[in-house]
Every structure is written in C-alpha cells, then in structure tokens.
Amino acid sequence: IPDEPYKPLPLFVFPAVLGNYVGAVSSSIGCDASFVALPFLGCLARATGNKRVIRLKRTWTESALFWAAIVGKSGTHKTPALQAATMFLNREQAKSIAVFQDSVAEHDQDVALYERDYQAWQRSKSTEPPPWRPEEPVCQRFITTDCTIEALACLLHSQFDGVLVTRDELAGWLAGIAEYKNGKGADLGHWLASWGAAPLTVDRKTGAIKMIHVPR
C-alpha cells in the first residue's frame, strides 16, 4: 500500500485569529503548522476548563478536555513551536504567581494577628467562639510541566476549572508514570481514566487532607 501524500493542516477550519497566528508562527519558526496548532488547542481547552460543557444529550455532557501529541524527527522545531503555543498560558501563570506571593505575605500577617487574638481569647476564658484561623491562599494554576497523579489531584482539588499538563518530551512523561512507586502504582489507571474526565479520588495516609476528590 503506497504511503498517503502529505496534506498540510487546513488552517481555514480554525477561527481567523487562531488560523492567522498558527500560520504566522509556523512560517517564522519553519515548522509544520500542526506543531503549533495542536498544543494551542490544548491551551484553549485549559482557558475554557470546566466552566463550560457541551450537552450532547439530556444526561450526556462533555467538557473541554483535549489530549494532543506532536510527533516529528529531531530538528523539526517541535520545542519552539510548543513554546510559542503555550506562551499565553505561561504569561497568565506568571501573573497568578505574583498575586499569590503577595497573598502569602498578607496571609503571614493575618496568621500573626490570629495567634495574638487566639491567645487573648484563651486568657479571657470567654464563652464566645474562638477566632477563625485564616485560610491559606491558593495559587491559580494554568499550566504544569511535570507532576504525578497525586500532585495533579492536589492541584485540581483546589481549583475546579482544570490545569494543562504539558511535557516537552512525550517519552519523559510516559517513562515517569508510576516511577515513584517502582512501577507498581495506580498512576497509569488514573491517567487512562482522566482521558474521559472521570472522577479522581486519592486517599493518603499523611497530610492535612486525607482524601482528595476531583469530580471531573
């Protein structure tokens, strides 16, 4: 059977803004347009997250869940294409981390005031309820480049709208599955279940949170 002739990615099927960006970036880098388009679609899926779903039937909904892999020989500019596609999420991530760092500093001050007020409450032997300990701030995450299933569950436990997992080398992600459990863990099964956005539950013996549940 002869090989099928190469067919370039039809950029006209995308919205104009996306198609123009993919075409311009791929021409500038000198790579196939699909190397930019596929990871960019993953970024758009993260931007949508679980905030919106499509209803196919009355009891059947699907979220913006996207899996993609770009495959090419060495030197075909896969890495710069991936970087160009994810630069927008990385920029939002940098803003979020800056906000989180400011929140941590404010949280430290709030904890100091809480401890002062709590000690005063203990000394007073008041029948009033004790002061509430301030909740720790949470960093809004958009993208992660390396995480185990347990770490991913912790991220998704604190934010409902999802996170994008991206790896520059696909082989590194595949080889890293269950590596911390000598290959005998349940990470592979969890990743397969994540293909369809199935619920994820992780039970831990240690840590402040013993059960981590992610509904989607």
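These notes cover the structure that comes with them. It should be emphasised that the depicted structure is a prediction, and the values quoted were computed from it without experimental measurement.

### What to know about the pairing of strand β5 (residues 200-203)
Regular strands show a simple pattern: their side chains alternate between the two faces of the sheet. Where burial is concerned, the two faces of β5 differ: the one with L200 and V202 is buried and the one with T201 and D203 is not. In this structure, β5 lies alongside strand β6 (residues 211-214), joined through four bridges in antiparallel fashion. Pairing of L200 across the sheet is with V214, part of β6.

### Details of helix α2 (residues 33-48)
The end-to-end C-alpha distance of α2, which contains 16 residues, comes to 23 Å, matching closely the 22 Å that a straight helix rising 1.5 Å per residue would cover. Following α2 by one or two positions, G49 has its phi on the positive side, about 60°.

### Concerning the packing of helix α1 (residues 16-29) against α2
Remark: α1 packs on α2, axes separated minimally by 9 Å, with the N-to-C direction vectors making an angle of 135°. Between α1 and α2, the angle is such that the two are oblique. By crossing handedness, the relation of α1 to α2 is classed as right-handed. Here α1 contributes L18, Y21, V22, V25 and S26 to the contact with α2, which in turn contributes A33, V36, A37, F40, L41 and L44.

### Observations regarding a negative patch on the surface
Together, D102, E106, D108 and D110 make up a region of like negative charge exposed at the surface. In this structure, D102 sits in helix α3 (residues 78-124).

Rules and cut-offs
Residues numbered from 1 in each chain as written. Predicted model: local features only at pLDDT ≥ 70, side-chain atom pairs only at ≥ 80, totals over all residues. Heavy atoms only, no water. Buried < 20%, exposed > 50% of the residue type's maximum accessible area, 1.4 Å probe, protein only. Helix = DSSP H or I, 4+ residues; strand = E, 2+ residues; numbered from the N terminus. Pairing = 2+ DSSP bridges. Expected span 1.5 Å × (residues − 1). Axes fitted to C-alpha atoms, helices over the stretch in contact; angles between N-to-C directions. Parallel < 35°, antiparallel > 145°, perpendicular 65-115°, else oblique. Left-handed = near helix turned anticlockwise from the far one by under 90°. Contact = heavy atoms within 4.5 Å. Patch = residues over 30% accessible without salt bridge, like charges linked within 9 Å, V, L, I, M, F, W, Y side chains within 5 Å. Areas by Shrake-Rupley, 256 points an atom, 1.4 Å probe, with all protein chains shown as cover. Salt bridge = Lys/Arg side-chain N within 4 Å of Asp/Glu carboxyl O. Lys, Arg positive; Asp, Glu negative; His and termini not counted. Charge placed at Lys NZ, Arg CZ, Asp CG, Glu CD.

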